[in-house]
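Inside the fold
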Amino acid sequence: MKDVLLISESFIKNITNLSDNLSGKLLFPAIRESQEIGLREILGDDLLDKLKSLVEQNTINDKSNQKYKELLTQCQYYLAYQTTANVCILTAVKIDNAGLQQVSDEKMNPVNINDSFTIKDYYIKRADFYCLRLQNYLIENKKSFPELTNSDCNMLASNLHSSATCGLWLGGVRGK
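Residues numbered from 1 in each chain as written. Predicted model: local features only at pLDDT ≥ 70, side-chain atom pairs only at ≥ 80, totals over all residues. Heavy atoms only, no water.

Quick look at the overall build of the chain now. Assigned secondary structure in the chain consists of four helices and two strands. Each helix and strand of the chain, ordered N terminal to C terminal, gives the series α-α-α-β-β-α. For the chain, the proportion of its 176 residues judged to be buried stands at 36%. Considering only contacts in the chain between residues 6 or more positions apart, those separated by 24 or more positions represent 68%. Within the structure as shown, the chain displays about 10900 Å² of accessible surface, and the carbon and sulfur contribution to it stands at 50%. (Helix = DSSP H or I, 4+ residues; strand = E, 2+ residues; numbered from the N terminus. Buried < 20%, exposed > 50% of the residue type's maximum accessible area, 1.4 Å probe, protein only. Contact = heavy atoms within 4.5 Å. Areas by Shrake-Rupley, 256 points an atom, 1.4 Å probe, with all protein chains shown as cover.)

Below is the structure:
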């Protein structure tokens, strides 16, 4: 199955402080994880698959798909910050035959792993902010996206009410 990404490396690098030299080999899995795990939990299977289909077919800019184009723009800000949070750990540690290795360079000193988690938390808070904006956008425009009302027991449904990234959610609407 072909990977269809809803965000480009250049967009992420333009709005975050990721280096232009960051390898696509490190950035690609972070984007994919942000999209296929994080964004899928927000949009649900049907709506994410619809967006990916429109992007793959290059019809996202058609006039009939204007609402989906607006949704894609909302999604890209969430994806940029969630991807950056994911990259914090991917670039701090390398897994090879010798086990876990802390990445370092001759001219640069790596941040210790605890500081990496602090920086990751900073970006997660930004991603949570854009998640809430995305969820509010979807709630306000729910009638424009019939995929939000589709439900099947073997599919992931959209989550429009919890934008917090934490291990505990007591239910109910967040931010109301």
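Core analysis: the largest hydrophobic core is formed by 38 residues, its most contacted members being Leu 39, Leu 43, Leu 51, Leu 71 and Leu 138. At the level of secondary structure, the elements contributing two or more residues to this core comprise α2 (24-56), α3 (66-92) and α4 (113-140). With 11 residues, α3 is the largest single contributor of residues to this core. (Core = buried A, V, L, I, M, F, W, Y, C linked by side-chain atoms within 4.5 Å.)

Attention now moves to α4. Over its 28 residues, α4 extends 40 Å from the first C-alpha to the last, a length consistent with the 40 Å expected when each residue adds 1.5 Å. For α4, every residue scored as buried is listed here: Ser 116, Tyr 123, Ile 124, Ala 127, Asp 128, Tyr 130, Cys 131, Leu 134, Gln 135, Tyr 137 and Leu 138. (Expected span 1.5 Å × (residues − 1).)

On the secondary structure map, Ser 34 appears in helix α2. The class for Ser 34 is buried, based on a relative accessible area of 1%. There is a polar contact of 2.8 Å between the side chain of Ser 34 and the backbone oxygen of Ala 30. Apart from the residues lying within four places of it in its own chain, the contact partners of Ser 34 are Leu 39, Tyr 78, Leu 79, Gln 82, Thr 83 and Asn 86. (Polar contact = N/O pair within 3.5 Å; in protein donor to acceptor, adjacent residues only side chain to side chain.)

This paragraph deals with the packing of aromatic side chains. By the definition in use, this model includes eight aromatic pairs. Between Tyr 68 and Phe 145, the ring centres sit 5.3 Å apart and the planes meet at 75°, which makes this aromatic pair edge-to-face. Placement of the pair is Tyr 68 in helix α3 and Phe 145 in the segment after α4, with a sequence separation of 77 residues. Judged by its relative accessible area of 8%, Tyr 68 is buried. (Phe/Tyr/Trp six-rings, centres within 6.5 Å; stacked < 30°, edge-to-face > 60°.)

With 33 residues, α2 should cover 48 Å at 1.5 Å per step; its first-to-last C-alpha distance of 20 Å lies more than 12% under that length. Of all the bends in α2, the largest measures some 110° and sits at Gly 44. Near the N-terminus of α2, the side chain that reaches the backbone nitrogen of Lys 25, with its oxygen 3.0 Å away, is that of Ser 23. Immediately downstream of α2, the backbone of Asn 58 shows phi near 60°, a positive value. (Bend = angle between axes of the 7 residues up to and from the residue.)

Let's shift gears to the pattern of salt bridges. What the rule picks out here adds up to six salt bridges. With a shortest N-O distance of 3.4 Å, Asp 49 and Arg 40 are connected by a salt bridge. Among the residues examined, Asp 49 registers a relative accessible area of 37% and is labelled partly exposed. Taken together, the shared-partner salt bridges connect Glu 36, Arg 40, Asp 45, Asp 49 and Lys 52 into one network. (Salt bridge = Lys/Arg side-chain N within 4 Å of Asp/Glu carboxyl O.)

Taken by themselves, the reported measurements are silent on function.
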